[in-house]
Amino acid sequence: MYSELLIVAERGRLPQISGFGAITARITDPETVHLIGAAATPLGGDRIDVTVRVCAGARLRVRSVAAAIALPGSSQLTSSARLTLYVAEDARLDVDQEPMIIAGGADHRAKTVVRLAASATVRVRERVQLGRTGETNGRWQGALDADLDNGPLLRHCVELGATTASTDVIDAPQAAIGELRYPDSRPAELFGLSAARLPLAAGGSLLTWLGARLPADLATVER
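Residues numbered from 1 in each chain as written. Predicted model: local features only at pLDDT ≥ 70, side-chain atom pairs only at ≥ 80, totals over all residues. Heavy atoms only, no water.

Taking an unreviewed UniProt entry as the reference, the protein chain is identified by name as Urease accessory protein UreD belonging to Antrihabitans spumae.

Written out as structure tokens, the structure reads:
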């Protein structure tokens, strides 16, 4: 199944939502939209395309009502999702969805593309967990490409699961968190052995965390 969703936020107006397929959204306050799964997705073979446009001076928060579960299809294992974010001058966008759970046997590929103006403010957080209870054989790839005023800000990719670069005989992380912030002038910092926040050359920061299970309290990531 192919699902497509477009959200447009303009200053002084409620967000506009259009699309079709298994993903929809609802306005939950004048500056907040929650994504909703209208059917079981992503299944193997599914493709999801979500675009968010925040026009000049507008404010928008994007959330989801529940965690999503990627499942293997009857004939295909791999599903994919693309989230494209456009943030114009003096606009603010905060994206923090519930985790993506990768069921045993599923292979999910996610890509987030961010295009923002230098005067924009952005926070984009992604969380993923391999396996439901007793499952360990899912696979996930998450890529994040961000451009600032048509110049590169970040190119980042993480893979989890068997045969990926993150798995070796010493450690095999099953969960990941990534968070892009712009602007952000905080210095580089390590949080134990699991997380690090690194400044970006063009401004902003990237926080990454790897572990066995997603923490119940996200505040513990930066401790």
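That shown, we press on.
Novice: Requested: an account of the overall build of the protein chain, with residues and values cited.
Specialist: The helix and strand inventory of the protein chain stands at zero helices and 18 strands. The C-alpha atoms of the protein chain give a radius of gyration of 17 Å, which matches the 17 Å a tight globule of 223 residues would have. Based on the C-alpha atoms only, the size of the protein chain along its principal axes is roughly 50 × 40 × 30 Å. With 223 residues in all, the protein chain has 45% of them scored as buried. Excluding contacts between residues fewer than 6 apart, the proportion of contacts in the protein chain whose partners are at least 24 apart in sequence is 69%. Surface accessibility of the protein chain: about 10,900 Å² in total, with carbon and sulfur atoms responsible for 52%. Across the protein chain, the mean location of the 24 positive side-chain charges is 2 Å away from that of the 25 negative side-chain charges. (Helix = DSSP H or I, 4+ residues; strand = E, 2+ residues; numbered from the N terminus. Rg over C-alpha atoms; globule rule 2.2 N^0.38 Å. Buried < 20%, exposed > 50% of the residue type's maximum accessible area, 1.4 Å probe, protein only. Contact = heavy atoms within 4.5 Å. Areas by Shrake-Rupley, 256 points an atom, 1.4 Å probe, with all protein chains shown as cover. Lys, Arg positive; Asp, Glu negative; His and termini not counted. Charge placed at Lys NZ, Arg CZ, Asp CG, Glu CD.)

Novice: Report on a nonpolar patch on the surface, specifying residues and quantitative values.
Specialist: Together, Leu14, Ile17 and Ile27 give the surface a local cluster of nonpolar side chains, amounting to about 240 Å² of exposed area. Along the chain, Leu14 turns up in the loop between strand E1 (2-9) and strand E2 (16-20). (Patch = residues over 30% accessible without salt bridge, like charges linked within 9 Å, V, L, I, M, F, W, Y side chains within 5 Å. Salt bridge = Lys/Arg side-chain N within 4 Å of Asp/Glu carboxyl O.)

Novice: Tell me about the packing of aromatic side chains, and name the residues and values.
Specialist: Inspection of every chain in the model, using the stated rule, returns one aromatic pair. In this structure, Arg53 is placed above the aromatic ring of Tyr86, and the distance from its NZ or CZ to the ring centre is 4.2 Å. (Phe/Tyr/Trp six-rings, centres within 6.5 Å; stacked < 30°, edge-to-face > 60°. Lys NZ or Arg CZ within 6 Å of the ring centre and 35° of its normal.)

Novice: So what's going on with the environment of Leu116? Residues and values would help.
Specialist: In this structure, Leu116 sits in strand E11 (residues 107-116). For Leu116, a relative accessible area of 5% corresponds to the buried category. Between the C-alpha atom of Leu116 and that of Asp147, which follows or precedes it by 31 residues, the distance is 6.4 Å. Here Leu116 is in contact with Val87, Val122, Asp147, Leu148, Asp149, Leu153 and Tyr182, once residues within four sequence places are set aside.

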